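Here are the chains, one letter per residue:
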Amino acid sequence: MNNNNTIPSKPAVSRRDFLKSTSLAVGAAAVSFPAVLSAQDKQPMNAVIIGMGGRGGGAGKNFLDACKIVGVEGKIVATADIFPEQAARGKQNFQVPEERCFSGFDCHMKALAVPGVNYAIIATPPGFKPPQFKAAVEAGKHVFIEKPVSVDGPGSRIMYAAGELAKQKGLKVAAGTQRRHQAGYIDTIKHIQDGMIGDIVSLRAYWVNGGPIWHRGDNGATAIEKQIRNWYHFIWLSGDHICEQHVHNIDVCNWVMNDHPVKAWGMGARQQLGSKPGEIWDNFAVEFEYPGGVRMASYCGQVKRSWSSVSEFVVGTKGTSNPGGSISVKGGDRWRASLKLESGDAYVQEHVDLIKAILNNTELNETKNVTDSTLTAIMGREAAYSGGAVEWDAILESPFQYGPELLYTDAAKMQYGDFRTLVPPMPSKHDVLKNPPVVQTA
Ligand SMILES: NC(=O)c1ccc[n+]([C@@H]2O[C@H](COP(=O)([O-])OP(=O)(O)OC[C@H]3O[C@@H](n4cnc5c(N)ncnc54)[C@H](O)[C@@H]3O)[C@@H](O)[C@H]2O)c1
């Protein structure tokens, strides 16, 4: 394992070795655990929520629902958010004592240090996730981490390495790519991988015309505070739209292929964001190529248009599939998914699966899958920004960091001073592989 102050230069395991050992196991995780647990296995789940925004609060409720389904005692014992008023939502929503609603840049370190905590829910902006995930694993916690999990190559390498450390420590990790915990997808992708549509010829992923993205106004005392409140609009925080949202559909395609693409080229634009502060684009069209030459066409946009679709489509030599639930075999037969899970809500099921893996000590570590899909999106984004083709190894090994240095060096050092004194690293140049911008800190 790398020491705290270095960014790993390469992933700790080869892509194919890891896929062989975990990918299928993870897809099947939701259906393979025993339904009934013995009383002595039911140690209480004590969770901290890091990032008490919309999803952090939602994931906290999903966790509590999952504890009821599994039949284990579960509590939210601490909350952490960079902003005090957000951290305080822990008291309102989950009766967390005020002194355990932590705020500031190092809030996650304080929450992770609360005695008895064994479960961390990370739902912060993607740029902060690698050091926070690393800190949670180093502190010995099982983790639920929302997608996407990084915004660049160095952040992704931190994720891969921390995922490996989690495995060595016997810690379980589930990711917020919830389709992997959704019955229709699990059932259908198993049938695709068992050969029902033959060899895969091509794939298509849509997060198209999702409508305009929120902006929270010019709210904050300093430039960095304004950016963090409007994190979606800054690449160092969100990774841009293709990464932030479209990662879901890209992840489904990677799951179907049991691999990640090795090359991308494409285009995009900032069309309807107008004069809103920020630097992200609002639409991308990218073609990805998997090993062996199969291509995935990916389209995403948060613009207002007359139609929209969030979906995936797979074409095989013997048929086609909407991997969310159906297959059409050449000649006319139609197959529909019928698998049922404990929870019909994938947001709850992902916690059911994680809690069961913890209690039964069965394998569940989705770090590699979610990081692969995040880095796939990053590769597509950089291809669109630069106007050229970008290859997997170049983006994986890229030294370019979008965020302030500290995010990539040592989570413990995030305890330094007042985050408001940082100079935010924008506007960024969009030619990341060739022309990295200089990032300054005060
Ligand atoms: N799986 C899904 O379907 C799904 C749905 C919604 C959101 N998400 C993901 O969840 C994450 C959060 O999204 P959201 O909609 O809740 O955003 P949000 O803005 O509502 O919440 C983010 C919270 O993180 C806090 N925060 C910012 N920087 C922090 C730091 N360094 N340390 C601690 N807290 C910090 C913010 O103050 C805010 O309260 C995103 O990555 C998003 O993609 C996933």
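Residues numbered from 1 in each chain as written. Predicted model: local features only at pLDDT ≥ 70, side-chain atom pairs only at ≥ 80, totals over all residues. Heavy atoms only, no water.

Caption draft 1: Structural view of the overall build of the protein chain. What the protein chain contains, in helices and strands, is 16 helices and 15 strands. Expressed as a percentage of contacts within the protein chain between residues at least 6 apart in sequence, the contacts between residues at least 24 apart total 74%. Surface summary for the protein chain: the accessible area is close to 16,800 Å², and the carbon and sulfur share equals 50%. (Helix = DSSP H or I, 4+ residues; strand = E, 2+ residues; numbered from the N terminus. Contact = heavy atoms within 4.5 Å. Areas by Shrake-Rupley, 256 points an atom, 1.4 Å probe, with all protein chains shown as cover.)

Caption draft 2: Layout of the layout of surface pockets. A volume near 810 Å³ is recorded for the largest pocket. Taken together, 38 residues form the lining of the largest pocket, with Gly53, Gly54, Ala123, Pro125 and Trp231 sitting closest to its centre. Elements with a contribution of two residues or more to the lining of the largest pocket: α2 (54-70), α3 (84-87), α6 (129-138) and α9 (223-229). With three residues, the top contributor of residues to the lining of the largest pocket is α2. (1 Å grid on protein atoms, 1.4 Å probe; cavity = no way out; pocket = protein on both sides within 12 Å on 5 of 7 lines; lining within 4 Å. Points joined across faces, edges and corners; volume = space filled by probe spheres on them.)

Caption draft 3: Here's a closer look at the sheet that holds strand β15 (residues 390-391). An order of β14-β13-β12-β11-β7-β10-β9-β8-β15 is seen for the nine strands of this open sheet, with the pairing classed as mixed. Each end of this open sheet is capped by a strand with a single partner; those strands are β14 (334-336) and β15. In this sheet, strand β10 (residues 295-301) lies alongside strand β7 (residues 200-208) in parallel orientation, the contact comprising six bridges. Bridging from a neighbouring strand, Arg204 pairs with Ala297 of β10. Running at roughly 30° to strand β13 (residues 326-329), helix α8 (residues 183-193) makes contact with β7, β11 (309-316), β12 (319-322), β13 and β14 of the sheet. Where helix α14 (residues 367-386) meets the sheet, it contacts β8 (263-269), β9 (283-289) and β15, and its direction lies at approximately 60° from that of β8. (Pairing = 2+ DSSP bridges. Axes fitted to C-alpha atoms, helices over the stretch in contact; angles between N-to-C directions.)

Caption draft 4: Just the environment of Cys107, in detail. One can find Cys107 in helix α5 (residues 107-112). Considering only alpha carbons, one finds Cys107 and Ala87, 20 residues apart in sequence, at a separation of 9.0 Å. In contact with Cys107, other than residues within four places in its own chain, are Ala80, Asp81, Ile82 and Phe102.

Caption draft 5: Structural detail: the site of the ligand. Taken together, 28 residues sit near the ligand, with Arg55, Asp81, Lys129, Glu244 and Tyr347 positioned nearest. Within the backbone of Ile82, an N or O atom sits 3.2 Å from a nitrogen atom of the ligand. For the ligand, an oxygen atom lies 2.8 Å from a polar atom in the side chain of Trp231. When isolated, the ligand has an accessible area of 840 Å², and the protein chains bury 89% of it. Put simply, the ligand lies in the largest pocket. Elements represented by at least two residues in the shell around the ligand include exactly α2 and α6. (Near = heavy atom within 4 Å. Polar contact = N/O pair within 3.5 Å; in protein donor to acceptor, adjacent residues only side chain to side chain. Sits in = over half its atoms within 2 Å of the grid points.)

Caption draft 6: Inspection of the pairing of β12 at higher detail. Side-chain alternation along β12 places Gly319 and Ser321 on a buried face and Thr320 and Asn322 on a face that remains uncovered. The loop that links β11 with its antiparallel partner β12 comprises two residues. Direction of pairing for β12 relative to β13: antiparallel, over a ladder of four bridges. Bridge pairing in β13 links Ser321 to Ile327. Where β12 folds back on β13, the antiparallel hairpin that results is connected by three residues. (Buried < 20%, exposed > 50% of the residue type's maximum accessible area, 1.4 Å probe, protein only.)

Caption draft 7: A look at the side chain of Glu312. In this structure, Glu312 sits in strand β11. A polar contact of 2.7 Å, which involves the side chain of Glu312, links it to the side chain of Tyr185. When sequence neighbours within four positions are dropped, the list of residues in contact with Glu312 reads Arg179, Tyr185, Arg204, Asn249, Val252, Ser321, Asn322 and Pro323.

Caption draft 8: Main features of the nonpolar core. Formed by 64 residues in total, the largest nonpolar core has its most connected members in Leu203 and Trp236. Examining the composition of this core, we find that seven residues originate from one element, α14, more than from any other. Counting the residues that make up this core, at least three belong to each of domain 1 (15-178 + 345-366) and domain 2 (181-341). Setting aside its immediate chain neighbours within four residues, Leu203 contacts Cys253, Val256, Met257, Tyr290, Val294, Arg295, Met296, Ala297, Phe313 and Val314. Judged by nonpolar contacts, the second largest core, of 28 residues, contains Ile50, Ala135, Ala136 and Val143. (Core = buried A, V, L, I, M, F, W, Y, C linked by side-chain atoms within 4.5 Å. Domains from an automatic or database assignment.)

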